[in-house]
Each structure stands twice: as C-alpha cells, then as structure tokens.
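If you want the building blocks of each chain, they are given just below.
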Amino acid sequence: MKQLVGLTGGIGSGKSTVAQLFADLGARIIDTDLISHQLTQANGAAIPAIRQTFGAEYVDVQGALDRAKMRELVFADFNAKRRLQDILHPLILAQAKQQATSLSDAPYKLIVVPLLFEGTRYRDWLHRVIVVDCPEEMQIERTIQRSHLSESTVRSIMAQQIDRQRRLQLADVVIRNDGDMETLRDQVKKLHESLIKA
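Below is a short write-up of the structure. (Residues numbered from 1 in each chain as written. Predicted model: local features only at pLDDT ≥ 70, side-chain atom pairs only at ≥ 80, totals over all residues. Heavy atoms only, no water.)

## Some words on the overall build of the protein chain
Per the secondary structure count, the protein chain includes 9 helices and 5 strands. The C-alpha radius of gyration computed for the protein chain amounts to 17 Å, which stays within 12% of the reference 16 Å derived for 198 residues, consistent with globular compactness. The C-alpha extent of the protein chain, read off along each of the three principal axes, is 50 × 40 × 25 Å. Scored against the burial criterion, the 198 residues of the protein chain give a buried share of 42%. Sequence-distant contacts, at least 24 apart, represent 71% of the contacts inside the protein chain between residues at least 6 apart. Placing the 26 positive and 24 negative side-chain charges of the protein chain at their respective mean positions leaves the two points 5 Å apart. (Helix = DSSP H or I, 4+ residues; strand = E, 2+ residues; numbered from the N terminus. Rg over C-alpha atoms; globule rule 2.2 N^0.38 Å. Buried < 20%, exposed > 50% of the residue type's maximum accessible area, 1.4 Å probe, protein only. Contact = heavy atoms within 4.5 Å. Lys, Arg positive; Asp, Glu negative; His and termini not counted. Charge placed at Lys NZ, Arg CZ, Asp CG, Glu CD.)

## Digging into the nonpolar core
In this structure, I50, F54, M70, Y122, W125 and L126 are the most contacted members of the largest nonpolar core, which totals 33 residues. Secondary-structure elements contributing two or more residues to this core are α2 (32–39), α3 (47–54), α4 (67–76), α5 (78–101) and β4 (128–133). With 8 residues, α5 is the largest single contributor of residues to this core. In this structure F54 touches M70, L73, A80, R83, L84 and I87, once residues within four positions along its chain are discounted. (Core = buried A, V, L, I, M, F, W, Y, C linked by side-chain atoms within 4.5 Å.)

## Notes on the packing of helix α1 (residues 15–24) against helix α9 (residues 181–197)
Following both chains from N to C, one finds α1 and α9 inclined at 55 degrees, their axes separated by 10 Å at the closest point. Comparing their axes, α9 and α1 come out oblique. Like other packed secondary-structure pairs, α1 and α9 cross with a definite hand, here right-handed. Each of T17, V18, L21 and F22 in α1 lies in contact with α9, whose residues at this interface are M181, L184, R185, V188, L191, H192 and L195. Along the lines of polarity and charge, the residues of the contact of α1 with α9 split into 8 nonpolar, 2 polar and 1 charged. (Axes fitted to C-alpha atoms, helices over the stretch in contact; angles between N-to-C directions. Parallel < 35°, antiparallel > 145°, perpendicular 65-115°, else oblique. Left-handed = near helix turned anticlockwise from the far one by under 90°. Nonpolar A, V, L, I, M, F, W, Y, C, P; charged D, E, K, R; others polar.)

Next comes the structure, spelled out in structure tokens:
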C-alpha cells in the first residue's frame, strides 16, 4: 500500500500552501476541511443530523449549514462543539479513508487534517505525520490577514488547539514556514524525494 502521510499544523501555519506544493510535485491530496465543507453544503450527508441535533435554524434556506450561526454557537458552548464533532468527524474519516483507498498514480497520499493530534482517529491509520510550524505571532498575523478575524478570536481558536510544543514533539517531520517561499519549496521538495524512496 502506498504511504499515507498526515499533514497538520496550527491555524495560520501554512498547511494549504504546503499541501499545494506537494500537489504540484505529484502527491495526491486528501483535504479533510474540503470533505467537511462538502458534508455541510446544501443536501450534504451531515445536514439531516445537524438539523435534528441543533434545529432547523442552523440550516440555511439553501439547505446548507449556516456557518456563521454555528461558529457563534460552538465558540460559546463547548458541548455544542462536541455534538457537532460527533456528527462530522466519523463522516469525514470515512470519506478520507474511501479517498485514500481509491486508485491513484500518485507516489503517496497526503491527508491534510488541521486537528490531527487533538483526536485519536487518524494516528493509527497514517504512516507518518508532517507538522507545518511557524512562530505563534506569525500564525496570528497570517490568520488576521487571511480570514479578517480579530486577534482575540484567533487567540481563542489557538487556545482550543494542541499546544505548539506538544505538536512539535508528536511530529515525525517538521516543515518550518517562517522564511520565504523558496525556502519552503526546498523543504517540501526534499521531503517529497524522501517519501518517494520510502
């Protein structure tokens, strides 16, 4: 079986950029954020359970998850967040596994999981895990620029994620994303070459 490689990192660390660099080199990318989005779009597989658990007011007129309303709820209520995760996470994992077993000419498959270490579902399934890392102040700055969130909101999201030092300890490989694009591309290229040989 071809290698299944996890890719994770804190918010604003540059996971999407790194995933795209791997894709450019020929890796097959399986993005759990994209799967989550598909599950919660109009008539997505998670919508009936979301409607039943949270009420029709959390589903918009198109039949998709009302993301703004749900974001507000899960930030304010940890139990609501847990209930949403209980709906989404098994469905996301099932889809990711299905995509991982589908035929591909790619030399390996890269599964992008933002909260990989926060749960236990992925660890036994993946052969190794790459962590994209940068200083916390850089994470905050990038997320504010990209998502137009306030600094306090970004910090509260980071507080709900695993501690940076712990994430680095759990990594099999670390990609440092605190320099220029050329440095980042070089790191990805070297790692890609080692993954092909593995």
